[in-house]
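For reference, the chains in residue letters:
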Amino acid sequence: MTTNIDEILKEFEHFGVNLGLERIQRLLGDLGNPQAKVPIIHVAGTNGKGSVCAYLSAILTAAGYRVGRYISPHLVDWTERISLNEKPIAREEFISLLEQVKAAIDPAAPCPTQFEVITAAAWLYFAQQQVDIAVMEVGLGGRLDATNVCDRPLVSIITSISWEHWQRLGPTIADIAREKAGILKPGCPAICGSLPPDAQKVVENRIAELNCPAIFPEPARIVEHNSVNSSEDNFLPNQPQWAVYENIKYPLPLLGEIQLTNSALAIAAIKVLQGQGWQISDAQIADGMGKTRWPGRLQWVNWSNSGTRLLVDGAHNAAAAQVLRQYVDQISPQPVNWVMGMLSTKDHPGIFKALLRPGDRLYLVPVPDHSSALPEDLAAIAQPICPELAEIKCYPELAIALEHCHHPDLSSCDTLTILCGSLYLLGYFFATHNQIDH
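This structure is a prediction, so every number in the text was calculated from the model and none was measured.

Q: Could you give me a rundown of the overall build of the protein, with the residues and numbers involved?
A: Counting its regular elements, the protein contains 16 helices and 17 strands. When each of the 438 residues of the protein is scored for burial, the buried share is 55%. Contacts spanning at least 24 positions in sequence make up 74% of the contacts within the protein whose residues lie at least 6 apart. For the protein, the computed accessible surface area is about 18000 Å², with 49% contributed by carbon and sulfur atoms.

Right under this line is the structure:
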């Protein structure tokens, strides 16, 4: 048996993204339909899926349940995608599962994609571990996603809908909403975040067709606000903020105003579970919220031996970039050093319009080992969008760009440097620095 996860998964890499349920249903059938043995919360959305899944997993773990969680993509290691009670699957166990899945593939049938193979391994693991509940994050879209194979989810959540993956989900917000609303099931509770009008109409129509009990939660409220003193704390609050939703007061360790919405979505889902008989106290909700971790999203890390603080965030689409910009505007009025790389398939103008401001400096790099946009092409897009940038430079490698923007002439105690544009770029950063700080 091989001891290399990459080696196993590379066999399926060339099948790429190929949405559809036939292959995964056949594969799961040959594995004994493990998904039928796993109660699930199903989470779709353009942004916020990961945060909501992290909150749910942490709360349910704090309540004493045996909790599986499936996410994508990972930042550094494949094992991050499948976890049990907040702990990533052991490498040897993951390899064993992948071998079991591989052995079940019918050579006469169309070959499953890499994502379908990993998803089947997750279902198999959760069934074998006899989890009480699994929190399943949609990979792409919803209707034809490999996670969408359960007829009776305990709760279905749509966190947000904005313009991304239009190449596969359709050219309009309404098209994208139809795909994400595909996770909704007849009579099963639905919880939805704030949606654009065109998306809201599509989702509400689908909810009505399926007779889903639906909740559209209002965002939580901040009840204790920690001020940020950039000169003393290097932009960092000393303690997490506290929020309240449905009379539950809880710490909010994840940064950004969007977490008022994401945390409310998670707690609304927990409230539905309580109504179904799950034993989860308000104290356990607060405990789980306070323990939630979600690396790579509005996260502060130490960079270099000097202890320089760096803000990292995926910001891989325009809506996520707006969330990042909103947070930056709250903590610093000064120009920003942006270190960015993006995939070739992303909305480059939309992301630049959300982030860049006059006086900012932009340092562009490729995203290693992925279909990266060329830094020079990104520079040509950024220049007319924000002609008052203080500097635009392209670099062949991330470390060189980081070194440049931390040159004494460019950095000071009130200069904020942000690494963003792709979760894959962040994963490369974490892998090469061998750490994920919290």
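Q: Can you break down helix H12 (residues 318-331) residue by residue, with the values?
A: For H12, which comprises 14 residues, the first-to-last C-alpha distance of 20 Å matches the rise-based estimate of 20 Å (1.5 Å per residue) to within 8%. Three or more residues of H12 are buried, namely Ala318, Ala320, Ala321, Leu324, Arg325, Tyr327, Val328 and Ile331. For H12, the side-chain oxygen to backbone nitrogen distance between the N-cap and Ala319 is 3.3 Å, and the N-cap itself is Asn317.

Q: Lay out the environment of Cys192 with the relevant residues and their values.
A: Looking at the element boundaries, Cys192 is found in strand S7 (residues 190-192). Here Cys192 falls in the buried class, since its relative accessible area comes to 0%. For the pair Cys192 and Val203, spaced eleven residues apart in sequence, the C-alpha to C-alpha distance is 8.7 Å. Those residues in contact with Cys192 that sit more than four places away from it in its chain are Ile158, Val203, Ile207, Ile215, Phe216, Pro217 and Leu265.

Q: Residue-level account of the sheet that holds S7, with values.
A: Taken in spatial order, the eight strands line up as S4-S3-S2-S5-S1-S6-S7-S8 in an open sheet, and their pairing is mixed. A single partner strand is all that each edge strand has here, and the edge strands are strand S4 (87-88) and strand S8 (214-215). Sheet strands in contact with helix H10 (residues 258-275) are strand S1 (40-44), strand S5 (133-137), strand S6 (155-158), S7 and S8, and its direction is about 165 degrees off that of S7.

Q: Go over the nonpolar core, please, and point to the residues and values.
A: Core analysis: the largest hydrophobic core is formed by 42 residues, its most contacted members being Leu56, Leu60, Tyr250, Leu273 and Ile280. With ten residues, the single largest contributor to this core is H10. Residues in contact with Leu273, not counting those within four places in the same chain, are Ile41, Leu60, Ile133, Leu154, Val155, Trp278 and Ile280. By size, the runner-up hydrophobic cluster in this structure holds 39 residues, among which are Leu21, Val117, Ala121 and Leu124.

Q: So what about helix H14 (residues 375-385)? Which residues, and what values?
A: Taken residue by residue, H14 has Pro375, Leu378, Ala379 and Ala382 as its buried positions. Down the axis of H14, the sector holding all buried residues measures 105 degrees, keeping them to one side. Opposite the buried face of H14, by more than 90 degrees, sit the exposed residues Ala380 and Pro384. In the core, the buried residues of H14 are packed alongside helix H13 (348-355), strand S15 (361-364) and strand S16 (391-394).

Q: Before we move on, could you go through the side chain of Ser263 and cite the residues and values that matter?
A: Locating Ser263 in the fold gives a position in helix H10. Side chain to side chain, Ser263 and Tyr250 meet in a polar contact 2.8 Å long. Ignoring any residue separated from it by four or fewer positions in sequence, one finds Ser263 in contact with Tyr55, Ala220, Tyr250, Leu252 and Met289.

Q: Any chance you could break down the sheet that holds strand S17 (residues 416-420) for me, citing the residues and the numbers?
A: Spatially, six strands are ordered S12-S13-S17-S14-S15-S16 in an open sheet, and the strand pairing comes out mixed. For this open sheet the edge positions go to strand S12 (299-303) and S16, each flanked by a neighbour on one side alone. Each adjacent strand pair in this sheet contributes to an overall mean axis angle of 25 degrees, direction not counted. Relative to S15, strand S14 (residues 336-340) runs parallel, the two sharing four bridges. Bridge pairing links Met340 to Leu364 in S15. In the packing of H13 onto the sheet, contacts are made with S14, S15 and S17, and the angle to S14 comes to roughly 160 degrees. Across the face of the sheet, H14 comes into contact with S15 and S16 while running at roughly 165 degrees to S16.

Q: Can you lay out the state of the cysteines for me, pointing to particular residues and giving the numbers?
A: Summed over all chains, the structure comprises zero disulfides. Of the cysteine sulfurs around Cys192, a residue in no disulfide, the closest is that of Cys212, at 8.8 Å. Cys188 supplies the cysteine sulfur nearest to Cys212, a cysteine that is in no disulfide, at a spacing of 6.7 Å. The buried category is assigned to Cys212, whose relative accessible area is 8%.

Q: Talk me through the confidence of the model for the protein; I want residue IDs and the actual numbers.
A: For the protein, per-residue confidence averages 89 on the pLDDT scale, and residues scoring 70 or more make up 89% of the total. Contacts of residues 227-233 to residues separated by more than four positions or lying in other chains number nine contacts, the stretch itself having pLDDT below 50.

Q: I'd love a proper account of the pairing of S14, names of residues and values included.
A: Buried residues dominate S14, accounting for five of its five residues. Where burial is concerned, the two faces of S14 agree: the one with Val336, Trp338 and Met340 and the one with Asn337 and Val339 are both buried. Where S14 meets S17, five bridges bridge the pair, whose relative direction is parallel. Opposite Val336, over in S17, you have Leu416 as the bridge partner. Handedness of the crossover joining S14 and S15 through H13 is recorded here as right-handed.

The rules behind the values
- Residues numbered from 1 in each chain as written.
- Predicted model: local features only at pLDDT ≥ 70, side-chain atom pairs only at ≥ 80, totals over all residues.
- Heavy atoms only, no water.
- Helix = DSSP H or I, 4+ residues; strand = E, 2+ residues; numbered from the N terminus.
- Buried < 20%, exposed > 50% of the residue type's maximum accessible area, 1.4 Å probe, protein only.
- Contact = heavy atoms within 4.5 Å.
- Areas by Shrake-Rupley, 256 points an atom, 1.4 Å probe, with all protein chains shown as cover.
- Expected span 1.5 Å × (residues − 1).
- Polar contact = N/O pair within 3.5 Å; in protein donor to acceptor, adjacent residues only side chain to side chain.
- Pairing = 2+ DSSP bridges.
- Axes fitted to C-alpha atoms, helices over the stretch in contact; angles between N-to-C directions.
- Core = buried A, V, L, I, M, F, W, Y, C linked by side-chain atoms within 4.5 Å.
- Arc of directions from axis to C-beta.
- Disulfide = S-S within 2.5 Å.
- pLDDT = per-residue confidence, 0-100.
- Right-handed = clockwise from strand over helix to strand, strands pointing away.

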